[in-house]
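Residue-level structural notes
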Amino acid sequence: ATLKMVCGTVQSWKDTEFSKFDTMVASEKIQAWAQTADYLRGILPEKDRILTKLDIRIDNVSKFLPLLVQLSSESVKEHHWQEIQICMSEMYDSNQARLVGNLMTPKLLQNKERQKSPHDVISRICGQALTEHTLEQNMLELEQYWEHREFTLRKIAIPKKNPSQARKPGSESVFILDCEDNIIG
């Protein structure tokens, strides 16, 4: 019954639209399945065929969980999904539903020893998405901080001096005029 339940649950996950997939619930279920498998290992013979299949199924779905958690971040935007689908050698279609099963493909985990496996590229894209999101949040906070500030400009009086001293380098009037030039131009 446990193997059948695991297979059924994994299949229902694969058929779920990714935006509706809850990685926390999946993680809890996988942990519960692993505990059940550990318990069964103490009861069943070592080479039990069903237990072996259960272990393989749990292991297979566990491999994808860290990647699915990364992809479920609110920081992953549409342009990141476009990059990810290109990385997966798929045509990008923003109208196409993203199913969990489409993300749980063995090619994502293959060739991890290669220089740039799809898994590594997706992890990099998710990291960039998080960085972009953090920067956007910081900019919003900064904008909100300055939004309620009031700035006032003070009138600066330039002392009148005789024309020969008015623009001597290092004089106060040259500094003020230079500042005014920078503000205007």
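One can find the structure itself at the top, above this paragraph.
Below: a short report on this structure. (Residues numbered from 1 in each chain as written. Predicted model: local features only at pLDDT ≥ 70, side-chain atom pairs only at ≥ 80, totals over all residues. Heavy atoms only, no water.)

Attention now moves to a nonpolar patch on the surface. Together, L135, M139, L142, Y145 and W146 make up an exposed nonpolar region whose accessible area comes to about 540 Å². Within the secondary structure, L142 is located in helix 7 (residues 118-147). (Patch = residues over 30% accessible without salt bridge, like charges linked within 9 Å, V, L, I, M, F, W, Y side chains within 5 Å. Areas by Shrake-Rupley, 256 points an atom, 1.4 Å probe, with all protein chains shown as cover. Salt bridge = Lys/Arg side-chain N within 4 Å of Asp/Glu carboxyl O. Helix = DSSP H or I, 4+ residues; strand = E, 2+ residues; numbered from the N terminus.)

Before going further, it helps to spend a moment on helix 4 (residues 78-87). Quick reminder: α-helices carry 3.6 residues per turn. Residues three or four places apart thus point the same way. Within the span of helix 4, buried status applies to H80, W81, I84, Q85 and C87. Within helix 4, the buried residues cover an arc of 155° as seen down the axis, which keeps them to one side. (Buried < 20%, exposed > 50% of the residue type's maximum accessible area, 1.4 Å probe, protein only. Arc of directions from axis to C-beta.)

Turning our eyes to something else, we now look at the pattern of salt bridges. Taken as a whole, this structure holds 4 salt bridges when the rule is applied. A salt bridge links R41 to D55, with the shortest nitrogen-to-oxygen separation between them at 2.6 Å. Of this pair, R41 sits in helix 2 (residues 23-43) while D55 sits in helix 3 (residues 49-71), placing them 14 residues apart in sequence. Accessibility expressed as a relative area gives 25% for D55, which makes it partly exposed. We note a salt bridge from D59 to K63, for which the minimum N-O separation is 3.8 Å. Taken as a pair, D59 and K63 lie in helix 3 at a separation of 4 residues, close to a single helical turn. Residue K63 is classed as partly exposed on the basis of its relative accessible area of 42%. One continuous salt-bridge network, built from bridges that share partners, spans D38, R41 and D55.

Axis separation between helix 1 (residues 2-14) and helix 2 bottoms out at 12 Å; the angle between their running directions is 160°. Considered as vectors, helix 1 and helix 2 are oriented roughly antiparallel to each other. Note that helix 1 runs across helix 2; the crossing there is left-handed. Counting all contacts with helix 1, which are made through T2, M5, V6, T9, V10 and W13, the residues of helix 2 involved are A26, K29, I30, W33 and T36. (Axes fitted to C-alpha atoms, helices over the stretch in contact; angles between N-to-C directions. Parallel < 35°, antiparallel > 145°, perpendicular 65-115°, else oblique. Left-handed = near helix turned anticlockwise from the far one by under 90°. Contact = heavy atoms within 4.5 Å.)

Moving on, we come to the side chain of T9. When you line up the elements, T9 lands in helix 1. Apart from residues no more than four positions distant in its own chain, T9 is found in contact with K29 and W33.

In this model helix 3 runs 34 Å from its N-terminal to its C-terminal C-alpha over 23 residues, within 8% of the 33 Å that 1.5 Å per residue would give. The principal kink in helix 3, of about 35°, is found at L65, preceding the proline P66 by one to four residues. Within helix 3, the full set of buried residues consists of L51, L54, I58, V61, F64, L65, L67, L68 and L71. Its side-chain oxygen at 3.2 Å from the backbone nitrogen of I50, D48 defines the N-terminal cap of helix 3. (Expected span 1.5 Å × (residues − 1). Bend = angle between axes of the 7 residues up to and from the residue. Polar contact = N/O pair within 3.5 Å; in protein donor to acceptor, adjacent residues only side chain to side chain.)

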